[in-house]
Amino acid sequence: MTAPKSLWHMETDLPRFPSLEGDRNTDVLIIGGGLAGLLCAFQLHRAGVDCLVVEATQICGGVTGNTTAKITAQHGLIYHKLTQWMGEEGAAEYLKANQRALTEYRALCGNIDCSFEERSAYVYTLDAPQKLRKEQQALEAISCPTIWHQSTELPVPVAAALEMPNQAQFRPLEFVRAILPGLSIRENTLVRRVDDTVAYTDGGVVRAKKVVFCTHFPFIDRRGCYFMKMYQDRSYVLALEGVRPTEGMYIDESGHGLSFRSAGDLLLLGGGSHRTGKQGGGWEELRRTARRYWPQSREVAHWATQDCMTLDGAPYIGAYSPAEPNWYVATGFNKWGMTSSMAASLLLRDLLVKGTADWGHVFDPARAMKPLPLAANIVSSTVGLLTPSLRRCPHLGCALKWNPREHTWDCPCHGSRFTAEGRLLNSPAAKDWKGAPARPPRGK
Ligand SMILES: Cc1cc2nc3c(=O)[nH]c(=O)nc-3n(C[C@H](O)[C@H](O)[C@H](O)COP(=O)(O)OP(=O)(O)OC[C@H]3O[C@@H](n4cnc5c(N)ncnc54)[C@H](O)[C@@H]3O)c2cc1C
């Protein structure tokens, strides 16, 4: 069963790049050719740094090609949460980094044909306006005005919505195509191992001075403990025609509700989310919503993808681990990787070029973790480890779950996924699952 294609992949054919054949030296090796890796390469290349991107499959073949591509500093209800955990200073720094990312997109997209459109972003609630009030107060405290609404253009009956004006949306793969010229990229080049700053692939060895891990979920566990402080959450998208597309970009505050944006004449409806390897609403939930509110609509595409979720809501961008002085990382974007990837590229460029950055402490991967979410994540992984099953993830050995919706084997601990035949689809596992049966379980 082949994975359904996103609207972006249906519209845009990106150029292809050769695989690595033979050994290479470079100043900076970037592992992973999604938006984070490509933007890092773009910023470093602009700064005159020699760098090489190696991508396991094809560039933007991961989450980036399946995003909904809203470019906004409004990330659900993050500012109240961050203010409580890191104080106003942390929330202000998070806001500034994302606003800076938006400004950078605005400047770049002025010369790129990628349907960059200024739109308002809205976070709405079905039943908890007090949560939005707290978010509004947290934003006001860091000098970011928002607009309160009792109703919206959505057919969904909202209790309240908070608008952040002057945000944006775009066609992500058209943007990516425009930043590729001049970049050195090798596709179909899986990095199997990194020792110090030497990376091993089947096609050759890359010797670098610095290594940046933009592999979505970092695949090296002996440093950084990312497997303890992250999990993956899967979401579903429908592209609908015959519906009046929304003016604004919308997200439900609950984290398990709906998301809306337009793409030309189409409406992109997102939702059905769940932790990877667990049960959730999926496309069926979205199709029920479409039938209820727009019975005349027609589905022109559907797809699914997953993102890395951190325990305090802020990404991990910076030094990979204190034990590896030449390793850097950009991960944990919590389904807000458009601005977070851009912020990561600016921050990592400063760290790599100047050797320091006077911003970005809120993203420090070595920051203290919230104890309760950390304990809950560890318990969840332990349950996966202790669950009896013959089918175990080659990453850390958790029991794999059959996903009848997408015909894949999914790991509920850290989110690795495999085809029915055992071919690796999603990291952190870094190899195919050898014990795979030729066919899925009977009756599924
Ligand atoms: C349904 C959904 C909707 C979203 N919508 C939005 C949105 O509207 N706005 C927003 O800001 N964010 C959104 N996001 C989040 C955003 O799309 C992601 O955070 C972002 O695309 C992640 O980019 P990335 O480069 O980190 O990962 P990816 O695009 O997955 O790139 C990582 C790459 O690394 C490669 N790789 C992995 N391991 C290796 C290895 N060992 N060797 C070589 N290569 C390797 C992979 O093949 C992959 O191509 C959404 C996420 C989801 C799930």
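This section reports on the structure supplied with the text. This structure is a prediction, so every number in the text was calculated from the model and none was measured.

## A few points about the overall build of the protein
(1) Moving on: On a plain count of helices and strands, the protein comes out with eight helices and 21 strands.
(2) Moving on: Rg of the C-alpha trace for the protein: 21 Å, near the compact-globule value of 22 Å for 444 residues, within the 12% margin.
(3) Moving on: Seen through its principal axes, the protein has C-alpha atoms that stretch 60 × 55 × 45 Å.
(4) Moving on: Scored against the burial criterion, the 444 residues of the protein give a buried share of 58%.
(5) Moving on: Restricting the contact set of the protein to residue pairs at least 6 apart, pairs at least 24 apart contribute 71%.
(6) Moving on: Accessible surface, the protein as shown: approximately 18,400 Å² in total, 51% of it carbon and sulfur.
(7) Moving on: Of note, the protein has its 50 positive side-chain charges centred 6 Å away from the centre of its 44 negative side-chain charges.

## Here we look at the site of the ligand
(1) Moving on: Close to the ligand lie 33 residues; E55, T64, T68, D307 and M338 are nearest.
(2) Moving on: Measuring from an oxygen atom of the ligand, one finds a side-chain N or O atom of T67 at 3.0 Å.
(3) Moving on: Bound to the protein, the ligand loses 94% of the 1,000 Å² it would expose on its own.
(4) Moving on: Broken down by secondary-structure element, the contributors of at least two residues to the shell around the ligand are α2 (35–46), β15 (298–310) and α7 (337–354).
(5) Moving on: Looking at which element gives the most residues to the shell around the ligand, the answer is β15, with three residues.
(6) Moving on: For the shell around the ligand, the per-class residue count stands at 14 nonpolar, 15 polar and four charged.
(7) Moving on: Each of two domains, domain 1 (7–68 + 174–227 + 313–363) and domain 2 (116–168 + 229–310), supplies a minimum of three residues to the shell around the ligand.

## Regarding α7
(1) Moving on: Taking 1.5 Å of rise per residue, the 18 residues of α7 would be expected to cover 26 Å, and the 24 Å separating its terminal C-alpha atoms lies within 8% of that figure.
(2) Moving on: Burial of α7 is extensive: 15 of the 18 residues sit out of reach of the surface.
(3) Moving on: In the stretch just after α7, G355 is the one whose phi turns positive, near 85°.

## Overview of the state of the cysteines
(1) Moving on: Taken as a whole and assessed by the stated rule, the structure comprises one disulfide.
(2) Moving on: Residue C398 pairs covalently with C413 via a disulfide, S to S 2.2 Å. Because the torsion about its S-S bond is -100°, the bridge between C398 and C413 counts as left-handed. One end of the pair, C398, is in the loop between α8 (371–386) and β18 (401–403); the other, C413, is in the loop between β19 (408–410) and β20 (417–419), and 15 residues separate them in sequence. In this pair, the class of C398 matches that of C413, namely buried.
(3) Moving on: Looking at the unpaired C51, the closest cysteine sulfur is the one in C40, lying at 9.0 Å.
(4) Moving on: Under the relative-accessibility criterion, C51 is labelled buried at 10%.
(5) Moving on: Distance from the sulfur of C393, which forms no disulfide, to the nearest cysteine sulfur (C411) is 4.2 Å.

Procedures and definitions
- Residues numbered from 1 in each chain as written.
- Predicted model: local features only at pLDDT ≥ 70, side-chain atom pairs only at ≥ 80, totals over all residues.
- Heavy atoms only, no water.
- Helix = DSSP H or I, 4+ residues; strand = E, 2+ residues; numbered from the N terminus.
- Rg over C-alpha atoms; globule rule 2.2 N^0.38 Å.
- Buried < 20%, exposed > 50% of the residue type's maximum accessible area, 1.4 Å probe, protein only.
- Contact = heavy atoms within 4.5 Å.
- Areas by Shrake-Rupley, 256 points an atom, 1.4 Å probe, with all protein chains shown as cover.
- Lys, Arg positive; Asp, Glu negative; His and termini not counted.
- Charge placed at Lys NZ, Arg CZ, Asp CG, Glu CD.
- Near = heavy atom within 4 Å.
- Polar contact = N/O pair within 3.5 Å; in protein donor to acceptor, adjacent residues only side chain to side chain.
- Nonpolar A, V, L, I, M, F, W, Y, C, P; charged D, E, K, R; others polar.
- Domains from an automatic or database assignment.
- Expected span 1.5 Å × (residues − 1).
- Disulfide = S-S within 2.5 Å.

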